[in-house]
Amino acid sequence: MARLFLRAASLAAAVVFSFFSTSALAQTSLPVEAYFSAMGDLELSPDGRYISMIQPREGRTALVVYPIGGGEPNLIEPGNRGTTEHLEVSNHFWSGDRIIISVNWNDHYRSTRANFRLEQTRLLSVLPDGRDAQVLFESRQDLESGISQESDIVDTLPDEEEHILVALRDCQTAICIRTVHKVNINTGRSVIVARGGEDTFGWATDSDGQVLARIDNDDGTYRIFTREQGSVNWREIMSRPSFGGHGQTTLGLIDVVEGMLYLRSNHEGRVGIYRTSAVSGGEMERLFLHDTFDAGSLDIDYDEDTVTSVSYMGHTLQQEFYDEEAEADHNRYNRFVPGEYVNVIEENDDENLRILAGYGPGDPTIYYLMDDEAGTINEIGQQFPQLHPGNVSSPILMTYNARDGLEIPGYLFLPPGQTVEDGPFPLVLYPHGGPNARDNMMFGGTLRQYLAGQGYAVFQPQFRGSRGFGNEFMRAGFEEWGGAMQDDLTDGVQFLIDQGIADSEHMCIVGWSYSAYAAVMGAIKTPNLFNCAAGINGVYDLPALRGELTTSRAWASLRFWGNTMGENEAELARVSPARRADEIQIPVLILASEEDQTAPYEESQRMIQALRQADRDFDSHIYEYGNHSLDYRPSRIDAYERMVRFLEEHM
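Residues numbered from 1 in each chain as written. Predicted model: local features only at pLDDT ≥ 70, side-chain atom pairs only at ≥ 80, totals over all residues. Heavy atoms only, no water.

**Examining the sheet that holds strand 26 (residues 353-360)**
What counts here: At least two DSSP bridges between two strands are needed for those strands to be called paired. For helices the rule is a DSSP run of H or I covering at least 4 residues; for strands it is a run of E covering at least 2, with both sets numbered from the N terminus onward. Orientation is described by lines fitted to C-alpha atoms, with helices fitted over the stretch in contact, and by angles between N-to-C directions that extend from 0 to 180 degrees. Residues are treated as being in contact if the distance between any of their heavy atoms lies within 4.5 Å.
Read from one edge to the other, the open sheet built from four strands follows the order 25-26-27-28, with strand pairing classed as antiparallel. Pairing within the sheet leaves two strands with one partner each, and these edge strands are strand 25 (341-347) and strand 28 (376-382). In this sheet, adjacent strand axes meet at a mean angle of 30° when their direction is disregarded. As judged from the six bridges shared by strand 27 (residues 363-371) and strand 28, these two strands associate in the antiparallel manner. Looking at the pairing, Tyr367 lines up with Gly381 of strand 28. Here helix 2 (residues 324-336) sits on the sheet and contacts strand 25, strand 26, strand 27 and strand 28; the angle it forms with strand 25, its principal contact strand, is near 110°.

Structure, rendered in structure tokens:
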């Protein structure tokens, strides 16, 4: 079922295989590479003979297949399409004795309308030793003609080892048709099993792999259609306007179980899990709704057609069980595997082998192979081989009131081994991007851990507009770029100063994507609060950005930004850092990637040009390779090291 593929992607975390990994090293100062995951996306072959994973390879990623019984691993590299198109393995899963691999790369196009950066995808089927590679689908983008074909996995069809279901967006003219294809993974041949409309963006299947539901976004109204098995006719059973008129998904499909359609909805103030008849619709029965937090994923046992649990992200990961056997298994795994949390990543067909992950807020993930027949649990490897609870920062929940009384949660990361009583500390304010994303307290070997390891306190406030805390909290951030969202950051810093945690003489604000905007806006709005500001792949000229939405294929990613930032051109200009560079009084660092398909790097060029014209103190660098997340490892390493040098110089 589709959940198998999505679960593998969402729980993907890098490991080092214990066949040749060493134990974590106790160090006080670690290289930047220690904070990058060594491998990721673990999968267990259905026959229990292999463990496959994604590893970095010369700055990019490749798939490595390890025989469990020993022997040389097989390296499957995606290669290059051309001199400027560097392929990355993004995720994979097993289907029978073959591996389905998703590969992406960034294309650069120039047309009569704009300069575009597009993320292209290719779906491959290959044997574990790399032989008999079949290209199942490859996205095709031609910006002049509008021809396009984009593919997404709908269902892995575990009971049909030779087939998978793939959703396509087929555009032969200006009209795009959404379809689902049943694909033979040995030959690449396919047959259409479901047709949607121009506005279809999601599908749901039952345990037999039948496509029984679809969801459309019709100009801001979300509509759910279902059909009976064997029928080609769709019936609309539900519709709901977009949340707040700002393009937020109000409805989301999960899957069909025993004739019931499971879905997500935020119609009761927060995202909850509901179900309704997959045939007739009608009243939605609530399965899960938390008092404070939005619901996350629904776990389903497709062999038994039962719902086992719901997971959600509070400040840490939480799980509520609906199946006694699943809960008993979970408790059993927790007794054997270290870590505050244990997840089953994958099982083989015989269900006697499974990959377990043990982790916690201050515990880097360690992976284990559990063998029921042998009665053993062996460590596979560690997500970050050089990191361990002794040299990483454990997050601290800090809650404060904004100036208008709104309660804001935030996550504080102190230098390893330090406590709040050891303050005040030099502070790095590091908000999340989005702006409607969120942080949490689960372990992540990311920039926040690297900066804490360099001796800084790092604070991540979950300002209004953040996802995961319900409708009203998110709605409070709409059209508040440079306004209340920015004030929440300032109020959080003042709270830490008042608590004796932050050293008011040594503070810098840094960010990525939206928070890169917030970082530079902080230099303008609160010029006396910070010593410096740094942004990676940010947006800085909001009217110019809105203008690009209608000409760039990045429009799909940027549409939500455009909706939430508002439409008043004068107000957008007023809160655009690139148009107020002459007000900046502190040093600024601007970093960006030419391959960024989400935030056009021209935004960073505009900011650099504005700083140059205003004769401000700044440094900058534009990377040739790396997407919005700087997935090209040499670019990311350089960006982290540049940022630390910048902080050392100016804090």
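**Description of the state of the cysteines**
Cut-off, in case you're wondering: Disulfides are defined in this document as cysteine sulfur pairs within 2.5 Å. Only protein chains enter the accessibility calculation, which uses a 1.4 Å probe. A residue is then buried if its area is under 20% of the maximum for its type, exposed if over 50%, and partly exposed in between.
What the rule picks out here adds up to one disulfide. Each disulfide pairs two cysteine sulfurs, and for Cys508 the partner residue is Cys532, the sulfurs being separated by 2.5 Å. Judged by the torsion about the S-S bond (-135°), the Cys508/Cys532 disulfide is left-handed. A residue pair is termed long-range when its members are at least 10 positions apart, and Cys508 in strand 33 (residues 502-512) and Cys532 in strand 34 (residues 532-536) qualify at 24 residues. Accessibility classification places Cys508 together with Cys532 in one group, the buried group.

**Some details on the nonpolar core**
Rules: Here, the term nonpolar core denotes a set of buried Ala, Val, Leu, Ile, Met, Phe, Trp, Tyr and Cys residues that are joined through side-chain atoms within 4.5 Å.
Residues Tyr517, Ile584, Met607 and Leu647 are the most contacted members of the largest nonpolar core, which totals 106 residues. With nine residues, helix 6 (residues 514-525) is the largest single contributor of residues to this core. Excluding residues that lie within four positions of it along the chain, Leu647 makes contacts with Val428, Leu451, Tyr456, Cys508, Val510 and Cys532. Formed by 18 residues, the second largest nonpolar core is a distinct cluster that contains Met39, Ile51, Tyr367 and Met442.

**Some points on the side chain of Arg642**
Structurally, Arg642 is set in helix 11 (residues 633-650). Sequence-distant contacts of Arg642, defined by excluding residues within four places in its chain, comprise Leu589, Leu591, His621 and Tyr623.

**Some details on the confidence of the model for the chain**
What counts, and what does not: In predicted models, pLDDT denotes the confidence assigned by the predictor to each residue on a 0 to 100 scale.
In this model, the chain carries a mean pLDDT of 87, and residues with pLDDT of at least 70 account for 87%. Here residues 110-114 is modelled with pLDDT under 50, and outside its nearest four sequence neighbours on either side it reaches 10 contacts, counting other chains as well. Low pLDDT, under 50, characterises residues 143-148; the stretch is placed with 21 contacts to residues that sit more than four places away or in other chains.

**Regarding the packing of aromatic side chains**
The following threshold applies: The criterion for an aromatic pair is that two Phe, Tyr or Trp rings (for Trp, the six-membered ring) have centres within 6.5 Å, with stacked assigned to planes under 30 degrees apart, edge-to-face to planes over 60 apart and tilted to the rest.
Applying the stated criterion across every chain, the model contains 19 aromatic pairs. Each ring, one from Phe384 and one from Phe443, has its centre 5.6 Å from the other, and the planes form 65°; the classification is edge-to-face. Placement of Phe384 in the loop between strand 28 and strand 29 (396-401) and of Phe443 in the loop between strand 31 (425-429) and helix 3 (447-453) is noted, with a sequence separation of 59 residues between them. An angle of 40° between the planes, with centres 5.8 Å apart, marks the rings of Phe463 and Tyr514 as tilted. Placement of Phe463 in the loop between strand 32 (457-461) and helix 4 (471-475) and of Tyr514 in helix 6 is noted, with a sequence separation of 51 residues between them.

**Some points on the packing of helix 5 (residues 484-498) against helix 6**
Just so we agree on the cut-off: Convention used here: angles under 35 degrees read as roughly parallel, angles over 145 as roughly antiparallel, angles from 65 to 115 as roughly perpendicular, and any remaining angle as oblique. Each residue gets one of three labels, nonpolar for Ala, Val, Leu, Ile, Met, Phe, Trp, Tyr, Cys and Pro, charged for Asp, Glu, Lys and Arg, and polar for the others, Gly among them.
Orientation of helix 5 relative to helix 6, taken along the N-to-C sense of each, is 75°, at an axis distance of 10 Å. One way to sum up the angle between helix 5 and helix 6 is to call them roughly perpendicular. In this structure, helix 5 contributes Met485, Gln486, Asp487 and Leu489 to the contact, and helix 6 contributes Tyr514, Ala518, Met521, Gly522 and Lys525. Of the residues in the contact of helix 5 with helix 6, the class split is five nonpolar, two polar and two charged.

**Here we look at the side chain of Gln383**
The topology assignment puts Gln383 in the loop between strand 28 and strand 29. Classification of Gln383 as buried rests on a relative accessible area of 9%.

**A few points about the sheet that holds strand 33**
Spatially, the eight strands line up as an open sheet ordered 29-30-32-31-33-34-35-36, and their pairing is mixed. A strand with exactly one partner marks an edge of an open sheet, and here the two such strands are strand 29 and strand 36 (618-623). Here the strands of the sheet are splayed against their neighbours by 20° on average, with no regard to which way each runs. Looking at chain direction, strand 33 and strand 34 are connected through five bridges and run parallel.

**As for helix 6**
The test is simple: Here the expected length of a helix is defined as 1.5 Å per residue gap, with one fewer gap than residues.
An ideal rise of 1.5 Å per residue puts 16 Å on 12 residues; helix 6 measures up with 16 Å between its terminal C-alpha atoms. Of all 12 residues making up helix 6, 11 are buried, and the element is well covered by its neighbours. Looking at helix 6, one finds that the buried residues are Tyr514, Ser515, Ala516, Tyr517, Ala518, Ala519, Val520, Met521, Gly522, Ala523 and Ile524.

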